[in-house]
Amino acid sequence: MKSSPRAGAPGLRVIRGEGQRKQEPLADRNAVARVLMEAGADLLLRRISPVRAQEIERKVDRVLDLFDRVDAAPVLMPVLKRHLDELEALMRETREVRAARR
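Numbering of residues starts from 1 in every chain and runs along the sequence as written. Totals for whole chains, interfaces and linings use every residue, but because this is a predicted model, local features are given only for residues with pLDDT of at least 70 and side-chain atom pairs only at 80 or more, for both listing and counting. By convention in this description, side-chain values take in all heavy atoms of the structure and omit both hydrogens and water.

Chemist: What should I look at first to understand the nonpolar core in this one?
Modeler: Note on soluble globular proteins: their nonpolar side chains tend to be buried together. The biggest cluster of nonpolar side chains holds 18 residues, and the ones touching the most others in it are Val32, Ile56 and Leu87. Elements with a minimum of two residues in this core: α1 (29-44), α2 (50-72) and α3 (77-101). In terms of residue count, the dominant contributor to this core is α2 (7 residues). Sequence-distant contacts of Val32, that is, excluding residues within four places in its chain, are made with Leu26, Val60, Val63, Leu64, Phe67, Leu84 and Leu87. Throughout this description, the term nonpolar core refers to a set of buried Ala, Val, Leu, Ile, Met, Phe, Trp, Tyr and Cys residues connected via side-chain atoms within 4.5 Å. Classification of residues uses two cut-offs on accessible area relative to the type maximum, computed with a 1.4 Å probe and protein chains only: under 20% is buried, over 50% is exposed, and between them is partly exposed. Numbered from the N terminus, helices here are DSSP runs of H or I no shorter than four residues, and strands are runs of E no shorter than two. Only heavy atoms matter for contacts: two residues are in contact if any of them lie within 4.5 Å across the pair.

Given below as structure tokens:
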């Protein structure tokens, strides 16, 4: 016999997102890594070309390297910021192209 959930016990909560994923700013390594995973999924689903996926991978690798370098030399922060902005612009363009194909 299954036991019923206890009254007042935490359950699943529905978060209304209107079906749209909020695009997070690329502020840390985890956000940048998620960009790479998104690009990999898009490549597997053939929503982006291999050339675009390679460009995203190249930029992600560069940004992750810069995160490491900024830890040792904070003076490189403006360079990291510039590369993060470029990656965000590329991802914005990629998402627009992907959305147009639907």
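Chemist: Explain α2 to me, please; I cannot follow it from the model alone.
Modeler: Residues lying three or four places apart along an α-helix face the same way, a consequence of the helix completing one turn every 3.6 residues. In this scheme, a helix's expected span is set at 1.5 Å multiplied by one less than its residue total. Compared with an ideal rise of 1.5 Å per residue, which puts 23 residues at 33 Å, α2 spans 34 Å between its outermost C-alpha atoms and is within 8% of the ideal. Among the residues of α2, those classed as buried are Ala53, Ile56, Lys59, Val60, Val63, Leu66, Phe67 and Val70.

Chemist: Sorry, what's going on with the pattern of salt bridges here?
Modeler: A pair can form between side chains of opposite charge whenever their charged atoms are brought close. Here, a salt bridge means any Lys or Arg side-chain nitrogen found within 4 Å of an Asp or Glu carboxyl oxygen. Enumeration over the complete set of coordinates arrives at 11 salt bridges. As a salt-bridge pair, Lys59 and Glu86 come within 3.7 Å of each other at their nearest N and O atoms. Here the residue Lys59 occupies a position in helix α2, and Glu86 occupies one in helix α3, the gap between them amounting to 27 residues. Look at Lys59 and you get buried, because its relative accessible area is 17%. For Glu86, a relative accessible area of 33% corresponds to the partly exposed category. With a closest N to O distance of 4.0 Å, Arg69 and Asp65 form a salt bridge. Of this pair, Arg69 and Asp65 both sit in helix α2, 4 residues apart, which is roughly one turn of that helix. Judged by its relative accessible area of 37%, Arg69 falls in the partly exposed class.

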